Amino acid sequence: EGQEKMLAVCQQFGVEPTFFHGKGGTVGRGGNPETYRAILAHPPDTIQGRFRVTEQGEMITFNFGEPKIAERTLDIFTAAILRDHVGSSEERKVEDKWRQTMAKLSELSCAAYRKVVRETPDFVPFFRKATPELELAALNVGSRPAKRNPTGGVESLRAIPWIFAWEQTRLSLPAWLGIGEGFGGVEPEELTDMYDKWPWFRTNVDLIETTLAKTEPGIAAHYEKLLVDDASLDALGADLRERLKTTTEAVLRVSGRKEPADDNIILQRALRLRNPYVDVLNLLQAELLQRKRTIAKLAPPGSAADDEALDDALLVTINGIAAGMQKSG
C-alpha cells in the first residue's frame, strides 16, 4: 500500500519514481532469497524498468563473491525486471477483499508478537539466557554495537543482533512469531484463495516456509536446558516451541504441503548436507556458552573472567553456524 500511495502522488505531479528497497539478509529483516519471484510480486507499475536495492553483510559474499555468481545474480535481477516491464499486470491485481484480509492478518499477528516480546515480563531474561545475545556484544561480532542503549531491553537492540541471536539457536523467532495467530483468525478458504491467485501473498508464504524448514526446535531446547538456570523461565521456552509448531501447521494448511518447503529440492538437499555439521556446532556452542557463564559467575568481583581460548572457540562456532545457515542478521 505504501508503494501504491507514493506511486499515485508521483503520477499526480509528473515525477518518475524509483523505489529503493533496503532489504536485509534474513527473512526477519525483509530478505528474500527468491529474488526473481520477489521482484515480480511487487505492486503493478511500481518498477517500470527501474529498480534499486541494497545488499548487506554476508549477502554481498553470497551473491557477488565470485564473478560467475555475481553474473548470475545480475541475470536474475535483469530477467525479473524485464518480465515485469513486458508482462501483464492483471495477474498481480489485488482484490479489495484480499486487502481487508491482510489488514486483519497484520493486526492479529502484530498483537500476538507484541504480547510475547513486549508484554511478557520473563521474555527479556529468557532471551538473554537462552541465546548468545550478551556474548555477541562482548565478542564484538558485527560492524555496529549490539545495542543502541546497553542497559535497555528488547526495544534498545539493533535489528541485526536481535535476529542473529535467534538464528544461532535455530529457532528464528522474529521471522515467524505471530503468523500462526494471524492465520488462525482468518477463514482457511480465504487464505487458500489468496495463496492460489495472489503472487505477492504466495511468495511471502513460501518464504515463511523456507524459514520454518530451517528451524530446529530440538536444538533450541538444548540451549535452554544448558543455559536457562531459572526454572520459572522453562514454561516460556516450551510455549515458544509450541507456537512454532502451531505456526508451521497453519502455514502448511495454506500451502497444501506436508512439510515446510518439501518441494524445494535444492533447499532440502542443502539442509540434508549442512545440518549434520551445523548441529554439532550448535552443541559445541551451547557447551561453550555454559562454560563461559560459569567462569564469569565464579570469578572474584572485579577480576577479569575472560578466557581467550574459550572466546576464540565460541567465535568459531558463531561464524560456522552463520555460514552453515547462510544467514546471520
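Data block above holds the structure.
Residues numbered from 1 in each chain as written. Predicted model: local features only at pLDDT ≥ 70, side-chain atom pairs only at ≥ 80, totals over all residues. Heavy atoms only, no water.

Undergrad: I'd love a proper account of the overall build of the protein chain, names of residues and values included.
TA: Looking only at helices and strands, one finds 16 helices and two strands in the protein chain. Looking at the protein chain as a whole, 46% of its 329 residues qualify as buried. Here the analysis covers contacts within the protein chain between residues at least 6 apart in sequence; of these, 78% occur between residues at least 24 apart. (Helix = DSSP H or I, 4+ residues; strand = E, 2+ residues; numbered from the N terminus. Buried < 20%, exposed > 50% of the residue type's maximum accessible area, 1.4 Å probe, protein only. Contact = heavy atoms within 4.5 Å.)

Undergrad: Before we move on, could you go through the side chain of Thr317 and cite the residues and values that matter?
TA: Within the secondary structure, Thr317 is located in helix α16 (residues 308–325). Look at Thr317 and you get buried, because its relative accessible area is 3%. If we skip the residues at most four places from it in the chain, Thr317 touches Gln168, Leu281, Leu284, Gln285 and Leu288.

Undergrad: A description of the environment of Lys225 should follow, citing residues and the corresponding values.
TA: On the secondary structure map, Lys225 appears in helix α13 (residues 217–227). Spatially, the C-alpha atom of Lys225 lies 9.4 Å from that of Ala286, the residues being 61 residues apart in sequence.

Undergrad: Which residues make up the nonpolar core, and what values go with them?
TA: Nonpolar side chains in soluble globular proteins generally cluster together in the buried interior. Core analysis: the biggest nonpolar cluster contains 55 residues, and Phe123, Trp162, Trp166, Phe183, Phe201 and Leu240 have the highest contact counts within it. Apart from the residues lying within four places of it in its own chain, the contact partners of Trp162 are Tyr113, Val117, Phe123, Phe127, Val154, Leu157 and Pro174. Grouped together as the second largest cluster of nonpolar side chains are six residues, Ile39, Phe77, Ala80 and Ile81 included. (Core = buried A, V, L, I, M, F, W, Y, C linked by side-chain atoms within 4.5 Å.)

Undergrad: If you had to explain α16 to someone new, which residues and values would you point to?
TA: Taking 1.5 Å per residue, 18 residues should reach 26 Å; α16 reaches 26 Å between its end C-alpha atoms and fits that length. Among the residues making up α16, those that are buried are Leu310, Asp311, Leu314, Thr317, Ile318, Ile321, Ala322, Gly324 and Met325. Buried residues of α16 fall within an arc of 165° about the axis and therefore sit on the same side. Looking at α16, the residues exposed on the side facing more than 90 degrees away from the buried face are Glu308, Ala309 and Val316. Its buried side turned inward, α16 meets α7 (133–138), α8 (159–168), α12 (199–214), α13 and α15 (265–298). Looking one or two residues past α16, Gln326 carries a phi angle of roughly 55°, positive in sign. (Expected span 1.5 Å × (residues − 1). Arc of directions from axis to C-beta.)

Undergrad: Kindly report on helix α11 (residues 188–197), identifying the contributing residues and their values.
TA: All buried positions along α11 are accounted for by Leu191, Asp193, Met194 and Tyr195. Lining the buried residues of α11 we find α5 (96–117), α10 (179–184), α12 and α14 (234–255).

Undergrad: Can you break down the packing of α13 against α15 residue by residue, with the values?
TA: In the contact formed by α13 and α15, the axes pass within 9 Å of each other and the chain directions differ by 15°. Classified by the angle between their axes, α13 and α15 sit roughly parallel to one another. Relative to α15, the crossing made by α13 is right-handed. Listed contacts from α15 to Ile219, His222, Tyr223, Leu226 and Leu227 of α13 are Asp279, Asn282, Leu283, Gln285, Ala286, Glu287, Leu289, Gln290 and Arg293. Residue composition of the contact of α13 with α15, by class: seven nonpolar, four polar and three charged. (Axes fitted to C-alpha atoms, helices over the stretch in contact; angles between N-to-C directions. Parallel < 35°, antiparallel > 145°, perpendicular 65-115°, else oblique. Left-handed = near helix turned anticlockwise from the far one by under 90°. Nonpolar A, V, L, I, M, F, W, Y, C, P; charged D, E, K, R; others polar.)

Undergrad: How would you summarise the packing of aromatic side chains if you had to cite specific residues and measurements?
TA: Across all of its chains, the model carries 11 aromatic pairs by this definition. Pairing Phe51 with Phe77 gives two aromatic rings, centres 6.2 Å apart and planes at 40°, and the pair type is tilted. Taken together, the positions of Phe51 in the loop between α2 (35–40) and β2 (52–53) and Phe77 in helix α4 (residues 67–86) put the pair 26 residues apart, joining distant regions of the chain. Judged by relative accessible area, which is 11%, Phe77 ranks as buried. A ring pair is formed by Phe127 and Trp162, whose centres lie 5.1 Å apart and whose planes are at 65°; its orientation type is edge-to-face. Placement of Phe127 in helix α6 (residues 123–130) and of Trp162 in helix α8 is noted, with a sequence separation of 35 residues between them. Each member of the pair Phe127 and Trp162 is classed as buried. Positioned over the ring face of Phe20 is Arg52, at 4.3 Å from the centre of the ring. (Phe/Tyr/Trp six-rings, centres within 6.5 Å; stacked < 30°, edge-to-face > 60°. Lys NZ or Arg CZ within 6 Å of the ring centre and 35° of its normal.)

Undergrad: Hey, could you go over the pattern of salt bridges for me, with residue numbers and the actual values?
TA: Enumeration according to the criterion identifies 18 salt bridges in this entry. For the salt bridge of Arg170 with Asp279, the shortest nitrogen-to-oxygen distance reads 3.1 Å. On the criterion of sequence distance, the pair formed by Arg170 in the loop between α8 and α9 (173–176) and Asp279 in helix α15 is long-range, its members being 109 residues apart. The exposure class of Arg170 is buried, given its relative accessible area of 0%. We note a salt bridge from Glu287 to Arg291, for which the minimum N-O separation is 3.0 Å. One end of the pair, Glu287, and the other, Arg291, are both in helix α15, four residues apart, so they sit about a helical turn from each other. (Salt bridge = Lys/Arg side-chain N within 4 Å of Asp/Glu carboxyl O.)

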